[in-house]
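Here is what each chain is made of, one letter per residue.
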Amino acid sequence: ATWFLVYIDNQKTATTDTYTVDAATYYYYTESNSRRQGLEFQLNGSLGALVNYGLTWTHLLVNETETSGVTTDNITVAYPENIYTARIGAAWKGWRANISGKNVDPWFTSTSSMGTATNVKLGDYIRYDANIAKDLSFAGHWATAEIYGRNLTNDRYSTRYTTGYYRDRGLTLGTKLSVGL
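Residues numbered from 1 in each chain as written. Predicted model: local features only at pLDDT ≥ 70, side-chain atom pairs only at ≥ 80, totals over all residues. Heavy atoms only, no water.

Notes on the nonpolar core
Then, in step 1: Judged by nonpolar contacts, V104, W107, A117, V120, L122, Y125 and Y157 together constitute the single largest core of seven residues.
Then, in step 2: Listing elements by their share of this core, those giving two or more residues are β6 (95-112) and β7 (115-138).
Then, in step 3: Broken down by element, the residue count for this core peaks at four residues, all from β7.
Then, in step 4: Setting aside residues up to four positions removed in sequence, V104 forms contacts with P80, N82, I83, G123, D124 and Y125. (Core = buried A, V, L, I, M, F, W, Y, C linked by side-chain atoms within 4.5 Å. Buried < 20%, exposed > 50% of the residue type's maximum accessible area, 1.4 Å probe, protein only. Helix = DSSP H or I, 4+ residues; strand = E, 2+ residues; numbered from the N terminus. Contact = heavy atoms within 4.5 Å.)

This is the structure in structure tokens:
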């Protein structure tokens, strides 16, 4: 278990207020003190000699901003309250395979240099990834070849909004080759 606390004095954040100079739009910024606090629980282990697993739960207890003496609670507003991750893997004779799932709670505000968008739905997804890899050695060097799939359900969830939703690219399949010299 891990407890975390992130405190930032005078954090700058774009507002929804704008001004125009020479036909260009600029956003005003505000300063606030921010504090995020939470817990993360992690459990890793193995089931026999070939199978391993990992479970993680991250829970946000406090997500506050304080501007001009006014404190605002931002849990589920600007960050998800809970993130759950589960992974199971296996290894055998130089082969490794993993499958994982990640569940992220929703949140409803996105801030960028373009301003602050409120009442948007972000997060609120479950994502599954998988891979299989083979370790190789030759002439005293090593290599790993991997085939992977990310976002196997092709869910086009969003984690950012500025002038529109920034959607996940969806199902991604690929290969990777790593070589050590």
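Next comes the rest of the description.
Concerning the pairing of strand β9 (residues 158-161)
Then, in step 1: As judged from the three bridges shared by β9 and strand β10 (residues 165-167), these two strands associate in the antiparallel manner. Looking at β10, one finds that R160 is bridged to Y166.
Then, in step 2: In sequence, β9 turns back onto β10 through a hairpin of three residues. (Pairing = 2+ DSSP bridges.)

Re the pattern of salt bridges
Then, in step 1: Inspection of the entire model under this criterion finds six salt bridges.
Then, in step 2: A salt bridge links K121 to D124; the nearest nitrogen and oxygen atoms lie 2.9 Å apart.
Then, in step 3: Exposure remark for D124: the relative accessible area of 39% places this residue in the partly exposed category.
Then, in step 4: Within the structure, one salt-bridge network assembled from shared partners comprises R127, D129 and D168. (Salt bridge = Lys/Arg side-chain N within 4 Å of Asp/Glu carboxyl O.)

A word on the environment of Y148
Then, in step 1: Its place among the elements puts Y148 in strand β8 (residues 141-150).
Then, in step 2: Exposure remark for Y148: the relative accessible area of 17% places this residue in the buried category.
Then, in step 3: Leaving out residues up to four positions away in the same chain, Y148 has contacts with A130, N131, T172, L173, G174, T175 and K176.

A few points about the environment of Y27
Then, in step 1: Here Y27 shows up in strand β2 (residues 24-47).
Then, in step 2: For the pair formed by Y27 and G45, sequence separation is 18 residues and the distance between their alpha carbons is 49 Å.

Side note on unusual backbone geometry
Then, in step 1: Look at D22: it is not a glycine, yet its phi comes out positive at around 50°.
Then, in step 2: For D22, the position within the fold is in the loop between β1 (2-21) and β2.
Then, in step 3: Classification of D22 as exposed rests on a relative accessible area of 76%.
Then, in step 4: A positive phi is found at D124, a non-glycine position, where the angle reads about 55°.
Then, in step 5: The residue D124 is located in strand β7 in this model.

A closer look at the side chain of D168
Then, in step 1: Within the element layout of this structure, D168 appears in the loop between β10 and β11 (172-180).
Then, in step 2: In this structure D168 comes out as buried when scored by relative accessible area, which is 17%.
Then, in step 3: Side chain to side chain, D168 and N151 meet in a polar contact 2.7 Å long. (Polar contact = N/O pair within 3.5 Å; in protein donor to acceptor, adjacent residues only side chain to side chain.)

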